[in-house]
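# Topology and contacts: notes
Single-letter residue listing:
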Amino acid sequence: MARWAHTHNIPLRPRGGASHHTALRTADQAADAPAILRDALTGPNAWQRLERFAAALPYSTVTEAARALGMHQSTLTTQINRLEKDLGRPLIERAERGRRMRPTPFGRKVAAAAKRLIGPGGRP
């Protein structure tokens, strides 16, 4: 395929591409991250999941948080579920009738570590 593209002067994207670079950068950053976050930094969009989890905590429900973050509720739920799977423990207690969504003790530690690492300006 590459030979055919070259013959017809069709440019090709270099090997690896942006997603390859992102995965390598995430792995490098995971080594420098606090131990509590390392298992969550397993692939592309890991930082985004951490940022969104931390940003969702002040809200009463996942639906309210998703609306404020400008995303669909199912997307935020999927990202929080992925973090919980990667870390092996629940991060939030979901809202029920008359009770707000709130972080578990482990979720509070993860959020605090993520906020320290991410900082006020965004990703490291």
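Bear in mind the structure is a predicted one, so any value in this text is a computation, not a measurement.

Cut-offs and rules
Residues numbered from 1 in each chain as written. Predicted model: local features only at pLDDT ≥ 70, side-chain atom pairs only at ≥ 80, totals over all residues. Heavy atoms only, no water. Helix = DSSP H or I, 4+ residues; strand = E, 2+ residues; numbered from the N terminus. Axes fitted to C-alpha atoms, helices over the stretch in contact; angles between N-to-C directions. Parallel < 35°, antiparallel > 145°, perpendicular 65-115°, else oblique. Contact = heavy atoms within 4.5 Å. Nonpolar A, V, L, I, M, F, W, Y, C, P; charged D, E, K, R; others polar. Salt bridge = Lys/Arg side-chain N within 4 Å of Asp/Glu carboxyl O. Buried < 20%, exposed > 50% of the residue type's maximum accessible area, 1.4 Å probe, protein only. Expected span 1.5 Å × (residues − 1). Arc of directions from axis to C-beta.

### With respect to the environment of Arg38
Following the sequence through the fold, Arg38 ends up in helix α3 (residues 35-38). Placed 48 residues apart in sequence, Arg38 and Asp86 show a C-alpha to C-alpha distance of 9.3 Å.

### Quick notes on the packing of helix α5 (residues 62-69) against helix α6 (residues 73-87)
Packing of α5 against α6 brings their axes to within 8 Å, and their N-to-C directions diverge by 110°. Judged by the inter-axis angle, α5 sits roughly perpendicular to α6. Of the residues in α6, those in contact with Val62, Thr63, Ala65, Ala66 and Leu69 of α5 are Gln73, Leu76 and Thr77. Residues that form the contact of α5 with α6 fall into these classes: five nonpolar, three polar and no charged.

### Quick look at the side chain of Asp86
Assignment of secondary structure puts Asp86 in helix α6. Not counting the four nearest positions on each side in its chain, Asp86 is found in contact with Asp39, Ala40, Thr42 and Arg49.

### Quick notes on the packing of helix α4 (residues 46-56) against α6
Contact geometry of α4 with α6 gives a least axis separation of 9 Å together with a crossing angle of 110°. When the axis of α4 is compared with that of α6, the two are roughly perpendicular. Contacts between α4 and α6 pair Gln48, Arg49, Leu50, Arg52, Phe53 and Ala56 from the former with Thr75, Leu76, Gln79, Ile80, Arg82, Leu83 and Asp86 from the latter. Counted by class, the contact of α4 with α6 contains six nonpolar, three polar and four charged residues.

### A short note on the pattern of salt bridges
Tallying each qualifying case throughout the model produces five salt bridges. Between Arg99 and Glu96 there is a salt bridge whose closest N-O contact spans 3.6 Å. Taking relative accessible area as the criterion, Arg99 reaches 28% and is therefore assigned partly exposed. Here the residues in one salt-bridge network are Glu93, Glu96, Arg99 and Arg102, joined through shared partners.

### Looking at the side chain of Glu84
Within the fold, Glu84 resides in helix α6. If we skip the residues at most four places from it in the chain, Glu84 touches Arg89, Pro90, Leu91, Ile92 and Arg94.

### A few points about the environment of Ile118
As for its position among the elements, Ile118 is in helix α7 (residues 105-118). Ile118 gets classed as buried once you look at its relative accessible area, which sits at 11%. With 67 residues separating them in the primary sequence, Ile118 and Glu51 have C-alpha atoms 7.6 Å apart.

### What about α6?
Here α6 spans 21 Å end to end across 15 residues, near enough to the 21 Å set by a 1.5 Å rise per residue. Along α6, the residues that are buried comprise Leu76, Gln79, Ile80, Leu83, Glu84, Asp86 and Leu87. Seen end-on, α6 carries its buried residues on one side only, within an arc spanning 165°. Residues of α6 that are exposed and point over 90 degrees away from its buried face: Thr78 and Lys85. Immediately beyond the C-terminal end of α6, within one or two residues, lies Gly88, with a positive phi of roughly 80°.

Function cannot be inferred from these measures alone, as they are strictly geometric.
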